[in-house]
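The lines below spell out each chain.
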Amino acid sequence: MKKDYSNYLQNTPDADGNFGNYGGAFIPPQLTGPMKEIHEAYLKISRSHRFIEELRSIRKHYQGRPTPVYHAARLSEKCGGAQIYLKREDLNHTGAHKINHCMGEGLLAKYMGKKKLIAETGAGQHGVALATAAAYFGLECEIHMGEVDIAKEHPNVVRMKLLGAKVVPVSHGLKTLKEAVDSAFQAYLKDPQTAIYCIGSVVGPHPFPMLVRDFQSVVGIEAREQFQEMTGGLPDVITACVGGGSNAMGLFSAFLNDPSEIWGVEPLGRGPKTGDHAATMSYGMPGIIHGFKCYLLQDEKGEPSPVYSIASGLDYPGVGPEHSHLKDTGRVHYTTADDKACLNAFFTLCRTEGIIPALESAHAVAFAMKKAVEMKSGTILVNLSGRGDKDLDFVVDNHGYGD
Ligand SMILES: *Cc1c(COP(=O)(O)O)cnc(C)c1O
């Protein structure tokens, strides 16, 4: 019998932040109080009329929502099968979906009377979106970033500084995302009264996976309505790329109780045999990272494995606990696209539609292109999570113009 998902979002996670066997809060005792404070404030504030109205107004007048759903007719024709539609999250202010939860987190901070937003960033995308929210709300912003990433992601470092954020270099360990997370948590622990920690995806200890999903759910709510308006029905297939999983949860959450088939796409990088990938759901085992339980790419000791993807926003060894749960229940299917398929989708979308996608989003487009051929007819809705401006130099220097 098909499972009923009509009350799923209200009932998931449970009161302790469990999504089935995943999620929870595996945190040092000093963090229990601050996490509880954020959770309780969120439950109260997010239901208040004033908060909902203010967030709605920000979405419309500042972010540029609703973003359109677009029928990619030339791409569909080129594939020769199902019709492909794109939810244009690339058209958000700052160029990606991350602003959806950063504005929510900033507004929550304001209602809680906090003065400072603290977070880590890897490639700098979350840092830029959060620095934008901080500027909008007139809050201080402190972004922790590994020294290796600071050297690699110069334009995003410049953006964060222009937006008024303080970028804190992290110089221990591998000097990348994992160390930046530790550093940001330490800074937050020193000052939980005036600061709030703002996570970058549907990951971390309870309540973050729920809170970020809820702030991203606007993507799915809009897309479902827009798609029905355009076609008179629901998409046969919906899909999104999965790093931590926030843009995917945003889209998927609105369709869980529908007949639509749902596919999350993870980066297969240079292929399964090389180990150079970040396909957590396909090759990982349950484990604990950054305060929560999920599928995890790990070594024999349970330490997170080094991961790789051509799209730096997808190279995380864990994944949101809700995705882990939805995989086990069978409601969502998870698959992969490798670097080569991603680049092919990137160049094809540029040429057929005049849209330059983020390399992250191109993984979902790659899957849709393959699936469209298999399906022969029907419809596929893709979450185009971001635009590719940040990736242009990398792509052209290493792969030319795709000729
Ligand atoms: C960060 C990012 C992602 C991956 O994050 P999720 O939480 O999995 O959505 C995907 N697309 C873009 C454009 C990003 O910047």
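Residues numbered from 1 in each chain as written. Predicted model: local features only at pLDDT ≥ 70, side-chain atom pairs only at ≥ 80, totals over all residues. Heavy atoms only, no water.

## Some remarks on the overall build of the chain
Link 1 in the chain: Counting secondary structure elements, the chain contains 16 helices and 14 strands.
Link 2 in the chain: In terms of overall dimensions, the chain is globule-like: its C-alpha atoms have a radius of gyration of 20 Å, near the 22 Å expected for 403 residues.
Link 3 in the chain: Expressed along its principal axes, the backbone C-alpha trace of the chain runs to roughly 55 × 45 × 45 Å.
Link 4 in the chain: The proportion of buried residues among the 403 residues of the chain is 58%. (Helix = DSSP H or I, 4+ residues; strand = E, 2+ residues; numbered from the N terminus. Rg over C-alpha atoms; globule rule 2.2 N^0.38 Å. Buried < 20%, exposed > 50% of the residue type's maximum accessible area, 1.4 Å probe, protein only.)

## Some remarks on helix H15 (residues 359–375)
Link 1 in the chain: Here H15 contains 17 residues, and its C-alpha end-to-end distance of 24 Å stays within 8% of the 24 Å for a straight helix at 1.5 Å per residue.
Link 2 in the chain: The buried fraction of H15 is high, at 13 of 17 residues.
Link 3 in the chain: Lys376 sits one or two positions beyond H15 and adopts a positive phi of about 70°. (Expected span 1.5 Å × (residues − 1).)

## Points about the layout of surface pockets
Link 1 in the chain: For the second largest pocket, the calculated volume is near 1,100 Å³.
Link 2 in the chain: Asp214, Phe215, Ser217, Val218 and Ile221 are, among the 39 residues lining the second largest pocket, the residues nearest its centre.
Link 3 in the chain: Contributing elements (two or more residues each) for the lining of the second largest pocket: helix H1 (8–11), helix H2 (29–45), helix H3 (49–63) and helix H10 (208–231).
Link 4 in the chain: By residue number, the principal contributor to the lining of the second largest pocket is H10, which donates 11 residues.
Link 5 in the chain: Considered class by class, the residues forming the lining of the second largest pocket number 17 nonpolar, 10 polar and 12 charged. (1 Å grid on protein atoms, 1.4 Å probe; cavity = no way out; pocket = protein on both sides within 12 Å on 5 of 7 lines; lining within 4 Å. Points joined across faces, edges and corners; volume = space filled by probe spheres on them. Nonpolar A, V, L, I, M, F, W, Y, C, P; charged D, E, K, R; others polar.)

## As for the pattern of salt bridges
Link 1 in the chain: Considering all chains together, one arrives at 18 salt bridges under this definition.
Link 2 in the chain: One salt bridge in this structure joins Arg56 and Glu53, with 3.0 Å as the shortest N-O distance. Linking Arg56 with Glu53, this pair stays in helix H3, spanning 3 residues, or about one helical turn.
Link 3 in the chain: The closest approach of N and O atoms between Asp389 and Arg387, which form a salt bridge, is 3.5 Å.
Link 4 in the chain: Here Asp389 falls in the partly exposed class, since its relative accessible area comes to 48%.
Link 5 in the chain: Judged by its relative accessible area of 35%, Arg387 falls in the partly exposed class.
Link 6 in the chain: What you see here is one network of salt bridges that share partners, running through Arg65, Lys87, Glu89 and Glu222. (Salt bridge = Lys/Arg side-chain N within 4 Å of Asp/Glu carboxyl O.)

## Let's talk about the sheet that holds strand S9 (residues 237–241)
Link 1 in the chain: The strand order across the open sheet formed by 6 strands is S3-S4-S14-S9-S10-S13, and the pairing between neighbours is mixed. Across the chains shown, the open sheet's two edge strands, defined by having one partner strand only, are strand S3 (69–71) and strand S13 (332–338). When the angles between neighbouring strand axes are averaged without regard to direction, this sheet yields 25°.
Link 2 in the chain: As defined by bridge partners, S9 adjoins strand S10 (residues 261–269) across 5 bridges and the pair is classed as parallel. Within S10, the position partnered with Ile238 by the bridge is Ile262.
Link 3 in the chain: Strands S3, strand S4 (83–88), S10, S13 and strand S14 (379–384) of the sheet are contacted by helix H14 (residues 339–353), whose axis makes an angle of about 85° with S13. (Pairing = 2+ DSSP bridges. Axes fitted to C-alpha atoms, helices over the stretch in contact; angles between N-to-C directions. Contact = heavy atoms within 4.5 Å.)

## Things to note about empty space enclosed by the protein
Link 1 in the chain: Considering all chains together, one arrives at 1 cavity of 30 Å³ or more under this definition.
Link 2 in the chain: Within this model, the largest cavity holds a volume of roughly 30 Å³.
Link 3 in the chain: For the largest cavity, the full set of lining residues is Ile38, Glu105, Leu108, Ile196, Tyr197, Cys198, Phe208 and Leu211.
Link 4 in the chain: Among the elements of the structure, helix H5 (98–111), strand S8 (195–197) and H10 are those that each provide at least two residues to the lining of the largest cavity.

## Describing the site of the ligand
Link 1 in the chain: Neighbouring residues of the ligand: 17 residues in total, closest Lys98, Ser201, Gly245, Ser246 and Ser385.
Link 2 in the chain: Within the side chain of Lys98, one N or O atom sits 2.7 Å away from an oxygen atom of the ligand.
Link 3 in the chain: Taking Gly244, its main chain carries an N or O atom lying 3.2 Å from an oxygen atom of the ligand.
Link 4 in the chain: If the ligand stood free it would expose 380 Å²; the protein chains cover 97% of that surface.
Link 5 in the chain: Considering only residue class, the shell around the ligand consists of 4 nonpolar, 11 polar and 2 charged. (Near = heavy atom within 4 Å. Polar contact = N/O pair within 3.5 Å; in protein donor to acceptor, adjacent residues only side chain to side chain. Areas by Shrake-Rupley, 256 points an atom, 1.4 Å probe, with all protein chains shown as cover.)

## Some details on the state of the cysteines
Link 1 in the chain: With the rule as written, the count across this model stands at 0 disulfides.
Link 2 in the chain: Unpaired in terms of disulfides, Cys198 finds its nearest cysteine sulfur in Cys102, a separation of 7.1 Å.
Link 3 in the chain: Owing to a relative accessible area of 1%, Cys198 belongs among the buried residues under this scheme.
Link 4 in the chain: In this structure Cys241 is a free cysteine whose sulfur lies 9.3 Å from that of Cys342, the closest cysteine sulfur available.
Link 5 in the chain: Look at Cys241 and you get buried, because its relative accessible area is 1%. (Disulfide = S-S within 2.5 Å.)

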